[in-house]
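Descriptive structure summary
Now for the letters of each chain:
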Amino acid sequence: MTEQYVLDLHSLDQTQIAVVGGKGAHLGGLSRIEGIRVPAGFCVTTDAFRRILAEAPSIGDRLDELSRVNPDDRLAVRALSATIRRTIEGIAIPGDLAAAVRHALAGLGEQAAYAVRSSATAEDLPTASFAGQQDTYLNVVGPAAILQHVRRCWASLFTERAVTYRQRNGIDHRTVHMAVVVQRMVLPHAAGILFTADPVTGNRKVATVDASFGLGEALVSGLVNPDVFRVRDGAIVARTVAAKQRAVHALPDGGTREVAVDPQRQEQPALTDAQVVRLVQLGRRIEAHFGRPQDIEWCLVDDDFQIVQSRPITTLFPIPATARDGENHVYLSVGHQQMMTDPMKPLGISVWQLTAMAPMQEAGGRLFVDATRNLAPPAGRAGFLDMVGRSDPLTRDALETVLDRDDFVRSLPDAGPGRPPAGGPPAPIETDPAIVTELIARSQASVAALRRDIRTKTGPELFDFLLEAFQEHKRILGDPLSMQAIMAGMEATWWLNDQLQEWLGEKNAADTLTLSAPDNVTSEMGLALLDVADVIRPHPEVVAFLHGVEDETFLDELPKLPGGTEARDAIGAYLDRYGMRCVGEIDITRPRWSERPLTLVPLILDNVRNFAPGAAAQRFEQGRRKAQEKEQDVLSRLRALPDGERKAAETKRMIDRVRTFIGYREYPKYGIVSRYFVYKQALLHEAERLVRADVLPAKEDVFYLTFQELHDAVRSNSVDERLIQRRKEAFRSYHALTPPRVLTSDGEALAGAYRRDDVPAGALTGLPVSVGTVEGRARVILDLAEAEIEAGDILVTAYTDPSWSPLFVAVAGLVTEVGGLMTHGAVIAREYGLPAVVGVPDATRLIRDGQRIRVHGTDGYVEILS
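In what follows, the accompanying structure is described. The shown structure was predicted, so the numbers you read here are calculated from the model rather than taken from an experiment. (Residues numbered from 1 in each chain as written. Predicted model: local features only at pLDDT ≥ 70, side-chain atom pairs only at ≥ 80, totals over all residues. Heavy atoms only, no water.)

**What to know about the overall build of the chain**
- In terms of helices and strands, the chain carries 31 helices and 26 strands.
- Its C-alpha atoms give the chain a radius of gyration of 31 Å, near enough to 29 Å, the size a compact globule of 866 residues would have.
- Seen along its three principal axes, the alpha-carbon backbone of the chain occupies a region of about 95 × 65 × 55 Å.
- The buried share among the 866 residues of the chain stands at 57%.
- Counting only contacts in the chain whose residues sit at least 6 apart along the sequence, the fraction spanning at least 24 positions is 70%.
- Surface accessibility of the chain: about 36000 Å² in total, with carbon and sulfur atoms responsible for 50%.
- Counting 97 positive and 115 negative side-chain charges, the chain places the centres of these two groups 1 Å from one another. (Helix = DSSP H or I, 4+ residues; strand = E, 2+ residues; numbered from the N terminus. Rg over C-alpha atoms; globule rule 2.2 N^0.38 Å. Buried < 20%, exposed > 50% of the residue type's maximum accessible area, 1.4 Å probe, protein only. Contact = heavy atoms within 4.5 Å. Areas by Shrake-Rupley, 256 points an atom, 1.4 Å probe, with all protein chains shown as cover. Lys, Arg positive; Asp, Glu negative; His and termini not counted. Charge placed at Lys NZ, Arg CZ, Asp CG, Glu CD.)

**Looking at helix H15 (residues 433–454)**
- With 22 residues, H15 should cover 32 Å at 1.5 Å per step; its first-to-last C-alpha distance of 32 Å lies within 8% of that length.
- Burial in H15 covers these residues: Ile435, Val436, Leu439, Ile440, Ser443, Ser446, Val447, Ala449, Leu450 and Ile454.
- The secondary structure elements touched by the buried residues of H15 are helix H16 (459–477), helix H17 (480–504), helix H25 (644–661) and helix H26 (667–692).
- At the N-terminal end of H15, a side-chain oxygen is found 3.0 Å from the backbone nitrogen of Ala434, two or three residues along, and the residue is Asp432. (Expected span 1.5 Å × (residues − 1). Polar contact = N/O pair within 3.5 Å; in protein donor to acceptor, adjacent residues only side chain to side chain.)

**As for the packing of H26 against helix H27 (residues 707–716)**
- With their axes 11 Å apart at the nearest point, H26 and H27 run at an angle of 45 degrees to one another. Comparing the axis directions of H26 and H27 gives the class oblique. Once H26 is placed against H27, the crossing between them reads as left-handed. Facing H26, whose interface residues are Leu683, Glu686 and Leu690, H27 presents Phe707, Leu710, Ala713 and Val714. (Axes fitted to C-alpha atoms, helices over the stretch in contact; angles between N-to-C directions. Parallel < 35°, antiparallel > 145°, perpendicular 65-115°, else oblique. Left-handed = near helix turned anticlockwise from the far one by under 90°.)

**A look at the side chain of Glu686**
- Position of Glu686 among the secondary structure elements: in helix H26.
- Among the polar contacts listed, one links the side chain of Glu686 to the side chain of Arg689, at a separation of 2.3 Å.
- Leaving out residues up to four positions away in the same chain, Glu686 has contacts with Thr458, Gly459, Leu462, Phe463 and Val714.

**A word on the sheet that holds strand E9 (residues 235–240)**
- Pairing within the open sheet is antiparallel, and its six strands lie in the order E9-E8-E7-E6-E12-E13. The sheet is open, and its two edges are formed by E9 and strand E13 (304–312), each paired on a single side. If you compare each strand with its neighbour and ignore which way they point, the axes differ by 20 degrees on average.
- Looking at chain direction, strand E12 (residues 294–301) and E13 are connected through eight bridges and run antiparallel. Bridging from a neighbouring strand, Trp298 pairs with Ile307 of E13.
- Of the strands in this sheet, E12 and E13 are in contact with helix H1 (residues 17–31), which crosses E13 at around 135 degrees. (Pairing = 2+ DSSP bridges.)

**A word on helix H22 (residues 564–578)**
- The end-to-end C-alpha separation of H22 is 21 Å, in line with the 21 Å expected for 15 residues at 1.5 Å each.
- Within H22, the full set of buried residues consists of Gly564, Ala567, Ala570, Ile571, Tyr574, Leu575 and Tyr578. Viewed along the axis of H22, the buried residues span an arc of 135 degrees, placing them on a single side of the element. (Arc of directions from axis to C-beta.)

**Quick word on the packing of aromatic side chains**
- Under the defined criterion, the tally for this structure stands at 14 aromatic pairs.
- Ring centres of Trp495 and Trp503 lie 5.7 Å apart, and the angle between their planes is 80 degrees; on these two criteria the pair is classed as edge-to-face.
- Note on Trp495: relative accessible area 5%, which makes it buried.
- Seen from their ring centres, Tyr704 and Phe731 are 6.1 Å apart, and the 75 degrees between their planes marks the pair as edge-to-face. With Tyr704 in the loop between H26 and H27 and Phe731 in helix H28 (residues 721–734), this residue pair connects regions lying 27 residues apart in the sequence.
- Looking at Tyr704, the relative accessible area reads 12%, which means it is buried.
- Through a chain of ring-to-ring contacts, three or more aromatic side chains come together here, namely Trp352, Phe463, Phe470, Tyr676, Tyr679 and Phe707.
- Of note, Arg619 hangs over the ring of Tyr832, and the distance from its end group to the ring centre comes to 5.8 Å. (Phe/Tyr/Trp six-rings, centres within 6.5 Å; stacked < 30°, edge-to-face > 60°. Lys NZ or Arg CZ within 6 Å of the ring centre and 35° of its normal.)

**What about the nonpolar core?**
- Leu496, Leu500, Ile536, Phe554, Ile571, Tyr574 and Trp593 are the most contacted members of the largest nonpolar core, which totals 96 residues.
- Among the elements that make up this core, the one with the highest residue count is H17 (12 residues).
- Those residues in contact with Leu496 that lie beyond four places of it in its chain are Gln501, Ala510, Leu513, Thr651, Met654, Ile655 and Val658. (Core = buried A, V, L, I, M, F, W, Y, C linked by side-chain atoms within 4.5 Å.)

Here it is as structure tokens:
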């Protein structure tokens, strides 16, 4: 194959990214759109770049070294990337390659001014824009200068910021190549950027135009504040005209300089309203061509717009596919309800959809439920907002922001009454512990039957069986008695908090009244790991061994040590009961503790170090006594009030009710993940068969298929490997997205805000979920496997699902970015008596590991003390 070193820009399209990079391919595609003007030019292809690299074999060694460097080691990254850049810039451009560039320049005008722009193959992609990662040079004049700047563009593939960006996005340096775009320079009256979707709110129906006089470099570099126009439905809905004292203009002999703007023009807008609307119309045409919102660089010359770049806006959170029906929709994040806001793999998403009680839509690797119908009836809306607000005020605030726009959610007739107001009667179910015992027995029997019946199922028969099992899964989950028991505990909690605040002026009294409630499988899980530590603690050789283990097979090695058999049996028994759990357990593809028992070792060692023998029983009994003392105190104070005997009697009934049912709140999730582990083991057996048949290189590749796609693969014994690769790339990109609590069909992402004026200046506001105040060292932990906790530490993390509960026994308080009153972290914090504030935006960024903080669990805020 003959290398092509130079290609005319207008001959390119989006299929040629590997040859001309993302920018070159997009510019070629732009030039093919009717009515879109793109300055003439050519592209120095990646063939030329590869040839240059071949001239310096030492670069390969530096790339190997660079791939082993931690991206957080800035000094090492800086030194290695600088070495590579110097090497590339020092390579002489071969004669035939230089001749090809000069020939292309001759056709356009050798002494004309040009923009020389980097165009990497991993640039301006749908999942990663790499905006600003490589270099651009403006107003370059003459073949020698252009060749020099082409070489600088090649070297810019290895700037420190570009190298770090690739490493953090999991992109191999060797797979990225550099082309260079050389375009006739545009000398504009005005220039700027057009976003065809609002880059702040995500609203796809609102376009934003930034504009300034002269070259766009003044705007991009931050030299000037731009005029900003917001356009919706062909009309300007907001404008801000900035004072423009400086601009960047091109020099006749090359290069650019800053110039002062004529004082009479400083307050004038860079574009007229008609020009802004016309530019947005062009942007919509470009957006339609590429099929997604675009970040467009434009220049205005003699009232004519020229487009010099267009790239996808990769920071926008995607919209569910159901939003394309032309109707308005309001979606709620499932991840914020389930305490798992990480992206899920396709198999995990599809299995959750197949087993969920309500239809769920996927977007950005996350799941959402459409709440539009809940918000449409005015009376039902009030009950729905009240229920949401009790759990998560931020979600309620985000919903109210949408509802304040009267035209977005169309009102429909009320379908029925909302939830009874606080103080009304709880769900009609007797306060009988036998109900919980029966429900747990039903769940256990169902899981046992699933394990028994699935053993003989393989191939397509397994998938037919699983579809039936999913129906049983939903039947158990939707058991009316189970729902009544859950609501009884929640209603009793609400009643106690509302009434005791009204009668006694006491906030969140139910937090103490629910300490050590019976039948809470999640809090029992944390205490059970203390018992495992009790078995291990007397055996120093086992403890020393666990400090050094790095292999998941460590359980097999334990019996070789004194006390090792007892340690292995204790850990094994724990895994038998809780080994189906893990961080992010709603995603069936996540590795379970039984699959990676090494995850538990740091937690066990923390318990060995921080606790005395018998701590589990002591902590449970201590909580039970505190709850009992609180009950006696509350009832005594109530009896001293007017009509006190009636109030005390009602409160006693509610205390009995909450202690009977609140622990069961955690059991349905335990049942779900128990069934999920059975499903997963069966599906992985099928994946192993596909690997043995050379259909797949690795069994974990099935995680990137949906349930139906895996069913088809097993039936046909074939898989689309390109589909799996695309899914892997998409999943990697989803990690960079922050899922909103509320998402609209317009693409607007809403996080909500706290409307409070009772928080000290500088404090971080959140939701109070477990009473008390505690001061201590903040431990900011994002990975449970890396947790190292000392007594008195306060856990600060993004979210906690049930798998974090074993860590709760070792901390003094809890702060999370995500959470609600009845989510798992809040429930277990109350069970253990930990002061806790959840739903604190950006807590893991604003609080540094090791800082001293004070958590106000009763009032819902966090103070940073040092």
